[in-house]
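# Examining the three-dimensional arrangement
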Amino acid sequence: MKSEKKYLIILILLIILVLFAAITGRYQGIGSYVELSENQLLQRLIIQVRIPRIMMSIIVGAGLAISGLVMQTVFQNSLAEPGVLGISQAAGFGAALGFLLFPWTRIPIQFLSFASGILALLLVLKISEKIKGADRVSLIFAGIAVSALFSAGLGIIKYVADPLDQLPSIVFWLLGGLSTSSWSSVLQITPIAVVSIIVLYLLRWRINVYALNDSVLYSLGIRRKVEVYLILGFAVLLTTSIISFSGLVGWIGLIIPNITRIIFGYDLRSSLPGSILIGAIFVLVSDTLSRILIAGEIPLGIITAFLGAMFFIFLIIGKGSPLSKNG
Amino acid sequence: MVDFLLTLDKVSYSYTNGRDFSFEDVNVNISPNTITSILGRNGAGKTTLLLIMLGFLKPTGGTVNYFPDGINGFLSRGNNSVAFLPQSESAPEKILVVDYLLMGRTPYIAPFILPGNKDFELVQKYAELVEVDHLLHYQIGKISGGELQRVRICRALVQESDLILLDEPISHLDLNAKFSMMEMIKHLQSLGKTIIFTTHDPVEALDIADHALIISNDQQINFGLTQDVITEKNLTACFNIPIKISRNKSGFACVVEKIV
C-alpha cells in the first residue's frame, strides 16, 4: 500500500476519534443532534473543556512521538528516546523546581524544564562517549544513570516541598495528565511545540543522513556535530515544553516510533509524518480512556504506561525486535 | 585540463594520544583520471592518510590542496565534494537501497528540502550503470557483502564528485567479488573519475593502479608510478619479509613470499 493511502486511512481514523472524544464523557446526555444544538451547558463543555483537551492530546502525542523518532534515528538505536535517556526525568526535575521556587507563574517552569533537559542530554552524550568499548548499549547505560540522578533530585524537591500545598500538586502533575487543559494552556504550549514540529518536519529527509559515519557525512558536506546538536536541541525543547505541562507521560517516544517504522518504513520522509498521526491517536485514545473509564479520572501517565508496556512486550518478543542485533 | 586534482605538500601528521606512528614530509600529487593505491601493513596509517586527503583529519604540518579551485579546507557543495567510502560503514540496515543512494545527493540538497525527481533519476541512472538497479527496493541489511560494496560505489557516483576515496574496497571480498570490484574501479576511471584506494595486497596495486604510495615498516613513504614504487625492495621494506614479484601467462602479477 502506498504511503498516501495509509496517511489517509489513519487521518480518517484520527478524525473519527476526535469526534468521538468530543461527544463522549462523564457528562451524559448526547442523544441527538437536537440536544447538541439546544443544550448550552453541553456546548460550553465541548468548546471550553473537551476541544482544548483534544488539542493538547494531539500535540502531546505528536510531539513526544517525533522527538522519540528523531533521537532513535540520530543515535541509530531504537531504544533511544527522551524517557530512556533521562531527559524526561530531567524535565520533570526542572519543572518541579519551578513549582517549588516560583509557584505563582508557569514561565520559569518551562524554562527550567528545558534547561535541565539540555543538561541531561549533554551528560548522557559525554558519559556514553567516555565508556570504554562503547557500543549501542552504552547510551542506554548512560541514560539509566542520568535518569537516576534527576529522579534523586526530584525526590529531594518532593521532600522539601510543602506537604499540604505544593507536594500534592507536584505528585499529581508528575503522574501525568491533561485534565487541567484549557484554551490558555493550548495557547501556551502551541507556539513552541508547533515551531519545533515544523522545523523537524522540514528536516526529516536530512535527519536520515545523520545515520551515516562522521567521515562520510564530512564528505557529503555536513558538519555532523553542529547539525546534530541543533536537531537534538529542538527535540529536547519539544519534549520538555510538553512535559512541563502534561507531566511525565511516558512510553510514547519509545513505542510510537517503533510502531510507525513497521507501518511506514525507516525513511523519515514517510515515518515522521506517520509518527505525528499515530502519536496523536495513541494519546487521544489514552486520554479519552483516562476520563471515561471510571467516575474519577485515571492519570494519563498510568494509561500510557500500561498500554505502552503491553506494546513494548509484543515488540521485543516479536520479529524485528529492537533488542535483536540488527534492530 | 589541470595538472593535478589533489596535492599533499610537506604534510606531516602524528597522533597526540601516542599511537605508534607519525608521518613527516609527505609529498603527493594526484593527477586527474588516475588510479592511485596506498599500500601498507595493517595499522601502518593507510586510513589516516586517506582521511587527511579527504580533509576530515587536519595535518599537523603542511597543506592539502584541491584543484582546480585550489581550496584548502572544507569542501561542502556540489562537485567540489570528495566522495569517501570507509572500510566498514554503519549503514542503517533497514533502510532501502534507493533511500541510501539518495543520501549521496546531500551536497546538492539544501537542509530544508527533500530530494526531487532529478535526484531519483540520477540514482536510477547510476544504479543501472553499476548494475544494482535490481536491488533498489531491498533493505541494506538484506543484500550480500559484494552487492553492498557495489551499492556503496554507486552512492559515490551519485555524489558526482571527480575524486573518489576508497578505504580497503577489495580486501574483505571473496575472489569473485574481488575481481568484479577491481573491474569496477577500472570502470570508474573510464568514467573520468580519479580514484585513490588503500590496500594491503600488492597484487591489487600492480593490477589496476597507475600510481602507488607505499608506507614502509618505519613510516617512510614512497610515491610514484606503480612500476617504480611497487618493487621487491620496497615491498620487503614494507612487510618486513622477503617478497618476490612474478608474472604468470595471463599477465596478472602475483606476489610470492620467499620461504627461507
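Remember, it's a predicted structure, so these values are computed and weren't measured experimentally. (Residues numbered from 1 in each chain as written. Chains lettered and ligands numbered in written order. Predicted model: local features only at pLDDT ≥ 70, side-chain atom pairs only at ≥ 80, totals over all residues.)

### Section: the overall build of chain A
For clarity, the threshold we go by: Each helix is a run of H or I in the DSSP string that is no shorter than four residues. Each strand is a run of E no shorter than two, and both are numbered from the N terminus. In this treatment the radius of gyration is a C-alpha quantity, and the globule benchmark scales as 2.2 Å times the residue count to the 0.38 power. Between the buried cut of 20 or more and the exposed cut of 12 or fewer other C-beta atoms within 10 Å of a residue's own C-beta lies the partly exposed class, and all C-beta atoms are placed from the backbone.
In terms of regular secondary structure, chain A is built from 14 helices and zero strands. For chain A, the α and β elements follow one another from N to C terminus as α-α-α-α-α-α-α-α-α-α-α-α-α-α. Computed over its C-alpha atoms, the radius of gyration of chain A comes to 20 Å, within 12% of the 20 Å expected for a compact globule of 327 residues. Summarising its shape, the C-alpha atoms of chain A cover approximately 65 × 55 × 35 Å along the three principal directions. Going through the 327 residues of chain A one by one, you find that 48% of them count as buried.

### Quick word on the domain arrangement of chain B
Residues and elements named next belong to chain B. Threshold: Residue ranges for the domains trace back to a domain assignment, done automatically or taken from a database. Residues are defined as contacting one another if the C-beta atoms placed from their backbone atoms lie within 7 Å. Each residue is assigned to one class: nonpolar for Ala, Val, Leu, Ile, Met, Phe, Trp, Tyr, Cys and Pro, charged for Asp, Glu, Lys and Arg, and polar for all the others, Gly among them.
Annotation of chain B at the domain level lists domain 1 (1-82 + 161-260) and domain 2 (89-160). Contacts between domain 1 and domain 2 engage twelve residues on the former and eleven residues on the latter. At three residues, the largest contribution of residues to the side of domain 1 that touches domain 2 is made by helix 5 (residues 175-190). A per-class count over the side of domain 1 that touches domain 2 returns six nonpolar, five polar and one charged.

### Details of unusual backbone geometry
Residue and element names in this part refer to chain B. At D25, a position not held by glycine, the phi torsion is positive, near 50°. Take D25: there are 12 C-beta atoms within 10 Å of it, and that puts it in the exposed class. Here the phi dihedral of E168 falls at roughly 45°; this positive angle occurs in a residue that is not glycine. Here E168 shows up in the loop between strand 6 (163-166) and helix 5.

### Quick look at the nonpolar core
Operational definition: Core membership is restricted to buried Ala, Val, Leu, Ile, Met, Phe, Trp, Tyr and Cys residues, and these are joined into a nonpolar core through C-beta atoms within 7 Å.
Among the nonpolar cores identified, the biggest contains 164 residues, and A:I66 and B:L165 are the most heavily contacted of them. Looking at this core, the element that brings in the most residues is helix 3 (residues 40-74) of chain A, giving 13 residues. The residues that make up this core include at least three from each of domain 1 (1-82 + 161-260) and domain 2 (89-160) of chain B. If we skip the residues at most four places from it in the chain, A:I66 touches A:I197, A:L200, A:L238, A:L272, A:S275 and A:I276.

### Details of the sheet that holds strand 2 (residues 22-30) of chain B
Residues and elements named next belong to chain B. What counts is decided by this rule: Here, a strand pair is defined by DSSP locating no fewer than two bridges between the strands. Helix axes are fitted only over the stretch in contact, all axes being lines through C-alpha atoms; the angle between N-to-C directions runs from 0 to 180 degrees.
Reading across the sheet, the three strands line up as 2-1-4 and stay open at both edges, with antiparallel pairing between neighbours. Edge positions in the open sheet fall to strand 2 and strand 4 (61-66), since each of these has one partner strand only. Strand after strand, the sheet turns through a mean of 20° between neighbouring axes, direction not considered. With six bridges joining them, strand 1 (residues 6-14) and strand 2 adopt antiparallel strand pairing.

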